[in-house]
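Next come the chains, spelled out residue by residue.
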Amino acid sequence: MNQHLSILGSTVLLSIILATPAWSVNPAGYGSAGGEFNIKISRVPANELAKAKSTNPPFEPTPEILAEGEKIFLGRGGCISCHGAEGKGDGAAAKNLPIQPRNFTNPKFNTYRTPGEMMWVLKNGSMGQTGRVPGTGMLPVVQPNGFISEEDGWKVLLYERSLGEQTK
Ligand code: HEC
């Protein structure tokens, strides 16, 4: 785990160094919820968007699934370090990122993204693939490029969506 995190750390640093000149963001927004890059723009490239949008989770967000998703978010997924304990995008590592992590408690986010688009990001990261959003610290987390299974990815993203449902 520690070894994994340090690899993650250096990759994040590298992407910051690469991303900063063209896309520097006002440091006043660092570490604060809501300092995100435009959430209305999908992070999925145009030629893969229709397929991503029509990909549905393999199970319903039952209380059991959401509880497992929360465990992954706070534990082995490491999402908490950037997205924060409450999913507001204000985790400890967020301060070091030029683009702020997603605030999942914003109910609007769920209206701009389908679960399938979120899964695409879990598999591919948000690395500037569309050319409309700069590369960010959101690296691939689902296998094969990430470290959690696809099933765990669905659980944790359903949990993230539930945070926006609660604040509606
Ligand atoms: C190193 C910091 C970091 C970690 C760790 C991290 N994220 Fe993120 N995440 C980000 C950032 C930064 C963004 C904003 C990316 C953007 O604006 O395109 C983001 C955005 C997202 C999005 C929204 C993508 C979209 O379409 O807008 C999802 C979903 C997501 N993260 C899920 C997760 C999950 C699940 C985990 C844990 C398994 C996780 N993240 C771990 C930094 C992180």
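First things first, this report covers the structure right here in the doc. Quick caveat, the model's predicted, so the values are computed rather than measured.

What counts and what doesn't
- Residues numbered from 1 in each chain as written.
- Predicted model: local features only at pLDDT ≥ 70, side-chain atom pairs only at ≥ 80, totals over all residues.
- Heavy atoms only, no water.
- Helix = DSSP H or I, 4+ residues; strand = E, 2+ residues; numbered from the N terminus.
- Buried < 20%, exposed > 50% of the residue type's maximum accessible area, 1.4 Å probe, protein only.
- Contact = heavy atoms within 4.5 Å.
- Donors = N, O, S within 2.8 Å, 3.2 Å for Na, K, Ca; no water.
- Tetrahedral: all angles 85-135°; square planar, octahedral: opposite > 155°, others 65-115°.
- Near = heavy atom within 4 Å.
- Polar contact = N/O pair within 3.5 Å; in protein donor to acceptor, adjacent residues only side chain to side chain.
- Axes fitted to C-alpha atoms, helices over the stretch in contact; angles between N-to-C directions.
- Parallel < 35°, antiparallel > 145°, perpendicular 65-115°, else oblique.
- Left-handed = near helix turned anticlockwise from the far one by under 90°.
- Phe/Tyr/Trp six-rings, centres within 6.5 Å; stacked < 30°, edge-to-face > 60°.
- Salt bridge = Lys/Arg side-chain N within 4 Å of Asp/Glu carboxyl O.
- 1 Å grid on protein atoms, 1.4 Å probe; cavity = no way out; pocket = protein on both sides within 12 Å on 5 of 7 lines; lining within 4 Å.
- Points joined across faces, edges and corners; volume = space filled by probe spheres on them.
- Nonpolar A, V, L, I, M, F, W, Y, C, P; charged D, E, K, R; others polar.

The topology assignment puts lysine 155 in helix H7 (residues 150–166). Taking the relative accessible area as the measure of exposure, lysine 155 reaches 8% and is therefore buried. Each residue touching lysine 155, except ones within four places of it in the same chain, is listed here: Phe59, Ile65, Glu68, Gly69 and Ile72.

For the iron atom of the ligand, the full set of protein donor atoms is His83 (NE2) and Met138 (SD), at a range of 2.0 to 2.2 Å. Classification of the site at the iron atom of the ligand as octahedral follows from its 6 donor atoms and the range of 89 to 179° in their angles at the metal. Of this pair, histidine 83 sits in helix H4 (residues 80–83) while methionine 138 sits in the loop between helix H6 (115–124) and H7, and the two are 55 residues apart along the sequence. Residue histidine 83 is classed as buried on the basis of its relative accessible area of 9%. Given the relative accessible area of 22%, methionine 138 is considered partly exposed.

Our focus in this paragraph is the site of the ligand. In the vicinity of the ligand lie 26 residues, with Cys79, Cys82, His83, Ser126 and Met138 positioned nearest. Here a nitrogen atom of the ligand and a side-chain polar atom of histidine 83 are 2.8 Å apart. Arginine 113 is positioned with one of its side-chain polar atoms (N or O) 2.6 Å from an oxygen atom of the ligand. Elements with a minimum of two residues in the shell around the ligand: H4, H6 and H7.

Right, let's get into the packing of helix H2 (residues 46–53) against H6. Relative orientation of the contacting elements H2 and H6 amounts to 125°, with a least axis distance of 7 Å. The orientation of H2 with respect to H6, classified from their angle, is oblique. For the element pair H2 and H6, the recorded crossing hand is right-handed. When H2 is examined against H6, the residues Glu48, Leu49, Ala52 and Lys53 are found in contact with a partner set consisting of Gly116, Glu117 and Trp120.

It is worth spelling out the packing of aromatic side chains at this point. In the structure shown here, the tally under the stated rule is 2 aromatic pairs. Here phenylalanine 104 and phenylalanine 109 contribute two aromatic rings whose centre-to-centre distance is 6.0 Å and whose plane-to-plane angle is 65°, an arrangement assigned as edge-to-face. Pair check on accessibility: phenylalanine 104 and phenylalanine 109 agree, each one buried.

Here the focus is the side chain of serine 126. Mapping serine 126 onto the fold places it in the loop between H6 and H7. When its relative accessible area of 6% is taken as the criterion, serine 126 is described as buried. Ignoring sequence-local partners within four residues, the contact set of serine 126 consists of Arg43, Val121, Pro134, Gly135, Thr136 and Met138.

What follows concerns the pattern of salt bridges. Counting across every chain of the model gives 7 salt bridges. With a shortest N-O distance of 3.0 Å, lysine 88 and glutamate 86 are connected by a salt bridge. On the accessibility criterion, lysine 88 (32% relative accessible area) is partly exposed. Here the salt bridges share partners, and the residues they tie into one network are Glu68, Glu151 and Lys155.

Our focus in this paragraph is the layout of surface pockets. Taken as a whole, the second largest pocket holds about 170 Å³ of empty space. Going through the elements one at a time, H2, H6 and H7 are the ones with two or more residues in the lining of the second largest pocket. Considering each element in turn, the lining of the second largest pocket owes the most residues, 4 residues, to H6. When the residues that make up the lining of the second largest pocket are grouped by side-chain class, the tally is 4 nonpolar, 2 polar and 4 charged.

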